[in-house]
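Report on the structure
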Amino acid sequence: MTAPTPVPSITSPAMPHVMNTYGRLPFALSHGNGVWVWDTNGKKYLDGLAGIAVNTLGHAHPRLVPALQDQVAKLIHSCNYYQVPLQEELAAKLTELSGLTNVFFCSTGLEANEAALKIARKFGHDKGIERPEVIVYEKAFHGRSIATLSATGNPKVQAGFGPLVEGFVRVPLNDVAAIEAEARSNSNVVAVFLEVIQGEGGINPATVEYLQAVRRICDDKGWLLMLDEVQCGMGRTGKWFAHQWAGILPDVMPLAKGLGSGVPVGAVVCGPRAANVFGPGNHGTTFGGNPLAMRAGVETIRIMEEDGLVAHAADVGAHLTSSLARALEGESGLVEIRGHGLMIGIELARPCGELLGQAAEAGLLLSVTADTVIRLVPPLILTHAEADQIVAILVPLIKSFLAKTSP
Ligand SMILES: *Cc1c(COP(=O)(O)O)cnc(C)c1O
């Protein structure tokens, strides 16, 4: 017998048994408190990333922790064979805050989007459209499943995973003429699917005028307006949901990231046109809506309401954005600072991925998305003083990065 050929290791040296799917910085976080986290060597960081817009209430929140401990001790998971009163409690809250009517619960963002896409297709079939198509966007990100990566507008996410799911038509963001052209020419369209502020694509907001125009076109054509608020929802922009800045209502709104403050919770919130598309047997998930996840959602929203964190996000976000703008004014190589509330992108003229590690070294967690955009999505509990500390750490790093590389 010949010995098997050794398989070359492609995994990270520090985590040799974990599949090598992420570029990781060389430290591990051990615990946190508020917007602060510590690594296993005791180094302290200001968390400007919140686990990618997830830790709404920061870390070890003094009212969330005992509520989750209480729930863990009672019931973590039951089953969707039975009534789950906490699902009704969270659904009632989400419909009250959104003005929509019904909710399906799952565990992640891509699952929420997958459910939305299934709703769109069945909505089409119910109308007699045999090959329903969904309008999606350049630079969009909707997840990593086969269907959601097909809806995603990033060739890097799709490379190697073809054949892609069909039934998508792609248009540029904020281009009303492009969507009007589809409305005139394509009778298979059943829905428009977009992020109100593109997250992974580089913090690119849909304009208020564009959102209002798309709502009008959807109404005219009988299409579903499906707004992926997985990243921009749950108070981050200073409204409960980012589309509320445009004064419109979607028909379908996938949520996840910030909803459970770190416990995996996804939700698809639907209005009357979409809420009854699924019937028994059409969709399901084992973990979705389990009592621990629902309790995390209920308590997150309760604490956000008690502490006025949505208005706070608008206020501290405006302070952080204007402080950054003032400190970086006139820097050549700064393209734009944009976003809303505590979803902020700082676009530089060149790829700036190295700032991720440099910021961590300097004690600030953030991310760089779309190669050139520094993304700040801190916990919504961030104070003005902590926002000032972000500026104090980040601005010198950006200035020296730009100084080093400008001609
Ligand atoms: C993160 C994200 C997703 C995917 O969520 P997962 O929980 O990672 O599956 C989908 N849409 C948007 C807008 C996101 O930011």
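Structural data are supplied above this passage.
Report follows, based on the coordinates.

What counts and how
Residues numbered from 1 in each chain as written. Predicted model: local features only at pLDDT ≥ 70, side-chain atom pairs only at ≥ 80, totals over all residues. Heavy atoms only, no water. Pairing = 2+ DSSP bridges. Helix = DSSP H or I, 4+ residues; strand = E, 2+ residues; numbered from the N terminus. Axes fitted to C-alpha atoms, helices over the stretch in contact; angles between N-to-C directions. Contact = heavy atoms within 4.5 Å. Near = heavy atom within 4 Å. Polar contact = N/O pair within 3.5 Å; in protein donor to acceptor, adjacent residues only side chain to side chain. Areas by Shrake-Rupley, 256 points an atom, 1.4 Å probe, with all protein chains shown as cover. Nonpolar A, V, L, I, M, F, W, Y, C, P; charged D, E, K, R; others polar. Buried < 20%, exposed > 50% of the residue type's maximum accessible area, 1.4 Å probe, protein only. Arc of directions from axis to C-beta.

1. Structural notes on the sheet that holds strand 16 (residues 367–369)
One open sheet holds the 4 strands; their spatial order is 13-14-17-16, and the pairing between them is antiparallel. Bordering the open sheet on either side are strand 13 (334–340) and strand 16, each of which pairs with just one other strand. Strand-to-strand twist of the sheet, defined as the mean angle between neighbouring strand axes without regard to direction, takes the value 25 degrees. The sheet contact formed by strand 13 and strand 14 (residues 343–348) spans 6 bridges and is antiparallel. Counted as the bridge partner of Ile337 is Ile346 from strand 14. Across the face of the sheet, helix 10 (residues 309–328) comes into contact with strand 13, strand 14 and strand 17 (373–376) while running at roughly 15 degrees to strand 14.

2. What to know about the site of the ligand
In the vicinity of the ligand, the residues found are Thr108, Gly109, Leu110, Asn113, Phe141, His142, Glu195, Asp228, Val230, Gln231 and Lys257. At 3.4 Å from a nitrogen atom of the ligand is found a main-chain nitrogen or oxygen belonging to Phe141. In the environment of the ligand, an oxygen atom lies 2.6 Å from a nitrogen or oxygen atom belonging to the side chain of Lys257. When the free accessible area of the ligand is taken as 380 Å², the share hidden by the protein chains comes to 82%. With 3 residues, the top contributor of residues to the shell around the ligand is helix 4 (residues 109–126). Its residues placed into classes, the shell around the ligand shows 3 nonpolar, 5 polar and 3 charged.

3. Some points on helix 7 (residues 176–185)
Of the residues making up helix 7, those classed as buried are Ala178, Ile179, Glu182 and Ala183. Buried residues along helix 7 cover an arc of 145 degrees about the axis, so they all sit on one side. Residues Ala177, Arg184 and Ser185 are exposed on helix 7 and point more than 90 degrees away from its buried face. Its side-chain oxygen at 3.2 Å from the backbone nitrogen of Ala177, Asp175 defines the N-terminal cap of helix 7.

4. Here we look at the sheet that holds strand 3 (residues 44–47)
With mixed pairing, 4 strands are arranged side by side in an open sheet as 1-2-3-15. Edge positions in the open sheet fall to strand 1 (29–33) and strand 15 (364–365), since each of these has one partner strand only. Taken together, the 2 bridges between strand 3 and strand 15 define a ladder with parallel strand orientation. Residue Leu46 lies in a different strand from strand 15, and its bridge partner there is Leu364.

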